[in-house]
Amino acid sequence: MTLIETARPLDRLRRRVRGAVLEPGQPGWDAATLAFNTSFTQEPTAVAVPEDERDVAEIVRYARANGLQVAPQRTGHNAEPLGAMDDLILLRTDRLRGVEIDAERRVARVRAGSKWEEVVPRASDLGLAALHGSTPDVSVAGYSLGGGVGWYARKHGLSTNSVLAIELVTADGKLRRVDHDNEPELFWALRGGGGNFGVVTALEVQLYDIPEVYAGVLFFPWERSSEVLHAWLDWTRTVPEEMTSVGRILQFPPLEELPEHLRGGKFAVVEGFYIGPEADGAELMAPLRALGPAMDTFATMPPAGIAELHMDPPDPVPYTGEGMMLDGLDAVAIDRFVRAAGPGSDSPLVSAEIRHLGGAIGRTGEGHGALAAIDSEFLTFALGMVFDDETYQANRRQLEMVRHALTPYDTGRQYLNFTEEETDPATFYRPDAYRRLRAVKAAVDPGNVFRANHPIAAAE
């Protein structure tokens, strides 16, 4: 569809909404189409930035009437699987902002444009914690709809199963509020099914009584990666569900915005997050502390204090990465992982990590959503910075080496939020859940108005 063909209809949409409707070349276009991974360029037919829920409904009705699709987006994380964007309106939820916390009920109502950085500090001030992810710059809606493997997940499960209600505009242009009692099948599908079923405008999420956390990072010299990760893997078999951890190989780029003690440094790292008294947490960490870390940042802190411990970049960057879900890790797996990403590998990867899952992450429960649980023991993700085609190709070769090294432990399942390439969405769910998701898609969006980054096709 050409710009000339869409100009007049888009003018009609502009007259109906309070927010912005942008076309290629107009002021603000580049910022509105920026993905978090800046090595990927988004080229939709138009960008709509609704001011409120009424605008969202108008945009959806317009798209349906004109044979266009709608792809909701906030931060642009995991955007590449959206693919070609011909005949698509990118609906940016940036202006749908606001957080309300009911401390007595321990519930936060979060509008779709809000990020975790707008929720976590406010809840923390009240002695409460949300099941947020590893960076405060991710949107609550996108993270939660895709599952949500956070630092409290081994104790409290996936974030998506702590969503209590969802407000959304469906393909008929109606604003709905769904929960366990109102349209429960749609509510089930939304929790873990991604953005396939409508434009979410707000969520209610459960908060938890966690006034303090014992958490931090142990930094070891990079050359000790094998020793440290072997010890970490053995240690994970001994810890309770209150402890979530990551074993990681890090190579920081020499960027001025990084602290001097990290800039250009190479480390083997163990990150830990313990829900409980400091004395108990320190006792749990003792076997790893006995290895003699070069730096130790563990301390008791309010939940807001752990928001950036994982050291994710706060702003969009050019990168390439991929992840896997693993079972049965043993000493051989660590050897293979270190050979592929650690000392002696000539790896250009900035980060190669293995997250310990298990506990409540792997248990289903009454009232859980489409992604009820993840039964893999570990989750890995690796990434490298991309500055040109040469660095892209070098990182892709190394990512393939990491994948090959861990293939014997691959469960065949994937985690939606960590899958940044077009993938068969059936790999995210159990077969019965995937069939059920397709049935819900057929019921609420038979015309396929909505495009998610990992779209689920309607059942025939």
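All values derive from a computational prediction rather than experimental measurement. (Residues numbered from 1 in each chain as written. Predicted model: local features only at pLDDT ≥ 70, side-chain atom pairs only at ≥ 80, totals over all residues. Heavy atoms only, no water.)

**Q** Looking at this model, I keep getting lost on the pairing of strand 15 (residues 319-326). Mind explaining?
**A** The two faces of the sheet receive side chains in turn, since in a regular strand these alternate between them. Counting buried positions along strand 15 gives 8 out of 8 residues, so the element sits mostly inside the fold. Of the two faces of strand 15, the one lined by Y319, G321, G323 and M325 and the one lined by T320, E322, M324 and L326 are each fully buried. As paired elements, strand 15 and strand 17 (residues 378-385) share 8 bridges and run antiparallel to each other. Bridged to G321 within strand 17 is L383. (Buried < 20%, exposed > 50% of the residue type's maximum accessible area, 1.4 Å probe, protein only. Helix = DSSP H or I, 4+ residues; strand = E, 2+ residues; numbered from the N terminus. Pairing = 2+ DSSP bridges.)

**Q** When you look at the packing of aromatic side chains in this model, what are you seeing that I'm missing?
**A** Given two aromatic rings, one states the distance between the centres and the angle between the planes to describe the pair. A full pass over the atoms with the stated rule returns 10 aromatic pairs. The interplanar angle of 70° and the centroid separation of 6.0 Å between the aromatic rings of F252 and F267 together place this pair among those described as edge-to-face. Residue F252 is located in the loop between strand 11 (243-251) and strand 12 (266-274), and its partner F267 is located in strand 12; the two are separated by 15 residues in the primary sequence. Exposure class is identical for F252 and F267. Each is buried. Considering the side-chain rings of F428 and Y429, the 6.0 Å spacing of their centres and the 90° angle between planes classify their relative orientation as edge-to-face. For F428, a relative accessible area of 2% gives the class buried. Aromatic ring contacts, followed pair by pair, group F219, F252 and F267 into a single cluster. Over the aromatic face of F187 sits the side chain of R191, whose NZ or CZ is 3.9 Å from the ring centroid. Stacked on the ring of W188, the Lys or Arg R436 has its end atom at 3.8 Å from the ring centre. (Phe/Tyr/Trp six-rings, centres within 6.5 Å; stacked < 30°, edge-to-face > 60°. Lys NZ or Arg CZ within 6 Å of the ring centre and 35° of its normal.)

**Q** Sorry, what's going on with helix 10 (residues 331-341) here?
**A** Because an α-helix completes one turn every 3.6 residues, residues spaced three or four positions apart along the sequence face the same direction. For helix 10, the set of buried residues is A333, I334, F337, V338, A340 and A341. For helix 10, the angular spread of buried residues about the axis comes to 165°, placing them on one side. Of the surrounding elements, those touching the buried residues of helix 10 are helix 8 (225-236), strand 11, strand 16 (351-356), strand 17 and helix 11 (389-406). Looking at where helix 10 begins, the residue whose side-chain oxygen comes 3.2 Å from the main-chain nitrogen of V332 is D330. (Arc of directions from axis to C-beta. Contact = heavy atoms within 4.5 Å. Polar contact = N/O pair within 3.5 Å; in protein donor to acceptor, adjacent residues only side chain to side chain.)

**Q** What is the right way to look at unusual backbone geometry in this model?
**A** For residues that are not glycine, phi is negative in most cases, and the peptide bond is trans in most cases. Its identity is not glycine, yet D87 carries a phi of approximately 60°, on the positive side. Along the chain, D87 turns up in the loop between strand 3 (69-73) and strand 4 (88-92). We classify D87 as partly exposed; its relative accessible area is 30%. Unlike most non-glycine residues, E183 shows phi in positive territory, near 50°. Summarising the element assignment, E183 is placed in the loop between strand 8 (175-178) and helix 7 (184-193).

**Q** Help me understand the pairing of strand 4 in this model?
**A** Extensive coverage of strand 4 is indicated by the burial of 5 of its 5 residues. With burial as the criterion, each face of strand 4 is covered, one bearing L88, L90 and R92 and the other bearing I89 and L91. Where strand 2 (residues 46-49) and strand 4 come together, 3 bridges link them in parallel fashion. Pairing of A48 across the sheet is with L91, part of strand 4.

**Q** Can you help me understand the sheet that holds strand 2 in this one?
**A** Pairing between the strands of a sheet comes from backbone hydrogen bonds, and it takes one of two forms, parallel or antiparallel. Spatial ordering of the open sheet is given by 1-2-4-3, a layout of 4 strands whose pairing is mixed. In the strand order of this sheet, the two ends are held by strand 1 (20-22) and strand 3, each with one partner. Adjacent strand axes in the sheet meet at a mean angle of 20° when their direction is disregarded. One ladder, built from 3 bridges, connects strand 1 with strand 2; its direction is antiparallel. The residue of strand 2 that forms the bridge with L22 is V47. Strands in contact with helix 3 (residues 53-65) are strand 2, strand 3 and strand 4; relative to strand 4, the strand with the most contacts, it is inclined by about 170°. (Axes fitted to C-alpha atoms, helices over the stretch in contact; angles between N-to-C directions.)

**Q** Looking at this structure, I do not really get the pattern of salt bridges. What am I missing?
**A** Opposite charge on two side chains makes pairing possible when the charged atoms of those side chains draw close. Evaluated as defined, the whole model comprises 32 salt bridges. Close ionic contact of E53 with R111 constitutes a salt bridge, the shortest N to O distance being 3.2 Å. Residue E53 is found in helix 3, and its partner R111 is found in strand 6 (residues 107-111); the two are separated by 58 residues along the sequence. Classification of R111 by relative accessible area gives buried; the value is 15%. Each member of the salt-bridge network shares a partner with another, and the members are R248, E271, E353 and R355. (Salt bridge = Lys/Arg side-chain N within 4 Å of Asp/Glu carboxyl O.)

**Q** What is the right way to look at helix 12 (residues 431-444) in this model?
**A** The end-to-end C-alpha distance of helix 12 is 20 Å, a good match for the 20 Å that 14 residues give at a rise of 1.5 Å each. Taken together, the buried positions of helix 12 are occupied by A433, Y434, L437, V440 and K441. For helix 12, the angular spread of buried residues about the axis comes to 120°, placing them on one side. Pointing more than 90 degrees away from the buried face of helix 12 are the exposed residues P431, D432, R435 and A443. In this structure, the buried side of helix 12 is in contact with helix 7. (Expected span 1.5 Å × (residues − 1).)

**Q** What exactly am I supposed to notice about the side chain of N395 here?
**A** Examined against the element boundaries, N395 turns out to sit in helix 11. Engagement of the side chain of N395 in a polar contact is seen with the backbone oxygen of T391, the distance being 2.8 Å. The residues contacting N395, other than those within four sequence positions of it, are T320, P348, L349, G384 and M385.

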